[in-house]
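Here's the letter readout for the chains.
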Amino acid sequence: MNLLLDTHVALWAITDSPKLPATARELIASPRTNVWVSVASIWEIAIKHSLGRGDMPISGQDALRYFSESGYRHLPIEPEHAVAIENLPAYHSDPFDRILVAQALVEPMRLMTHDTLVARYSDTIIKI
């Protein structure tokens, strides 16, 4: 299975956060799962970290390194992903979440999220 991690889920996974449920850990660790992190997530982390508000404790560079060390694959943003956003219902206004949904639907991949609004987009999205 190709599994795309929402930004917060990816961060929970690399930090071994107790917020990540055991079922999610098992799916991420499964040898049958190819785990992906979008370039959009790395971009989001870098922006939030550069603002210095304290809500993003790691830099984009560190996140990229941790994701790579964890064996996660990097999903680039393709033109088709951007175009797919036009057809998404307006459930969520966050552009990073919307591009992740579009990427998951276009590829196709299963998107794992903790965000109830993101989960509304498709029954293929895994809400944890």
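Within an unreviewed UniProt entry, the label attached to the chain reads Type II toxin-antitoxin system VapC family toxin, and the organism entered is Candidatus Proximibacter danicus.

Novice: Looking at this structure, how should I read the UniProt feature "domain: PIN" (unreviewed entry) in the chain?
Specialist: In this numbering, the UniProt entry assigns the feature "domain: PIN" (unreviewed entry) to residues 4-121. Annotated as residues 4-121, this span is 53% helix and 12% strand, and its ends, taken at the C-alpha atoms, are 15 Å apart.

Novice: Got a minute to help me understand helix α1 (residues 7-15) in this structure?
Specialist: For an α-helix, the turn length of 3.6 residues means that residues three or four places apart are oriented alike. Listing the buried residues of α1 in full gives Thr7, Val9, Ala10, Leu11, Trp12 and Ala13. Just downstream of α1, Asp16 is the residue with a positive phi angle, here 55°.

Novice: So what exactly am I meant to see when it comes to the pattern of salt bridges here?
Specialist: Considering all chains together, one arrives at five salt bridges under this definition. The residue Glu44 makes a salt bridge to Lys48 at a minimum N-O spacing of 3.0 Å. Taken together, the residues Glu44 and Lys48, both in helix α3 (residues 39-51) and four residues apart, mark about one turn of the helix. What makes Glu44 buried here is its relative accessible area of 7%. Taking relative accessible area as the criterion, Lys48 reaches 27% and is therefore assigned partly exposed. We note a salt bridge from Asp62 to Arg65, for which the minimum N-O separation is 3.1 Å. Taken together, the positions of Asp62 and Arg65, both in helix α4 (residues 60-69) and three residues apart, correspond to about one turn of that helix. Here the salt bridges do not stand alone but share partners, grouping Asp62, Arg65 and Glu69 into one network.

Novice: What should I look at first to understand unusual backbone geometry in this one?
Specialist: For residues that are not glycine, phi is negative in most cases, and the peptide bond is trans in most cases. The linkage connecting Glu107 with the following residue, Pro108, adopts the cis geometry, with an omega of -15°. Of note, Pro108 is situated in the loop between α6 (95-106) and β4 (110-113).

Novice: Would you mind going over the nonpolar core with me for this structure?
Specialist: Looking at soluble globular proteins, one finds that nonpolar side chains tend to be buried together. The biggest cluster of nonpolar side chains holds 22 residues, and the ones touching the most others in it are Leu5, Leu20, Ile28, Phe67, Tyr72, Met112 and Ile128. For this core, the elements supplying multiple residues, two or more each, are β1 (2-5), α1, α2 (22-29), β2 (34-38), α3 and α4. Sort the elements by how many residues they give to this core and α1 lands first, with five residues.

Novice: Please clarify how the pairing of β4 should be interpreted in this entry.
Specialist: Two faces make up the sheet, and in a regular strand the side chains alternate between them. Inspection of the sheet shows β1 paired to β4 by three bridges, in the parallel sense. In the sheet register, Leu5 faces β4, and the bridge partner there is Met112. Bridge count for β4 against strand β5 (residues 126-127) is two bridges, and the pairing is parallel. By the bridge assignment, Met112 is partnered in β5 with Ile126.

Novice: What's the story with the sheet that holds strand β3 (residues 73-75) in this structure? I'm lost.
Specialist: The strands making up a sheet associate through backbone hydrogen bonding, with each pair oriented either parallel or antiparallel. Taken together, the five strands give an open sheet; going across it, the order is β3-β2-β1-β4-β5, and neighbouring strands pair in parallel fashion. Every interior strand has two partners, whereas the edge strands, β3 and β5, have only one.

Novice: What's the story with the pairing of β2 in this structure? I'm lost.
Specialist: Taking burial as the measure, the five residues of β2 include four buried ones, the bulk of the element. Here four bridges tie β1 to β2, and the two strands are oriented parallel to one another. The residue bridging Leu4 from the neighbouring strand is Trp36, located in β2.

Cut-offs used in this document
Residues numbered from 1 in each chain as written. Predicted model: local features only at pLDDT ≥ 70, side-chain atom pairs only at ≥ 80, totals over all residues. Heavy atoms only, no water. UniProt positions renumbered as here; feature names shortened; annotations may be inferred. Helix = DSSP H or I, 4+ residues; strand = E, 2+ residues; numbered from the N terminus. Buried < 20%, exposed > 50% of the residue type's maximum accessible area, 1.4 Å probe, protein only. Salt bridge = Lys/Arg side-chain N within 4 Å of Asp/Glu carboxyl O. Core = buried A, V, L, I, M, F, W, Y, C linked by side-chain atoms within 4.5 Å. Pairing = 2+ DSSP bridges.

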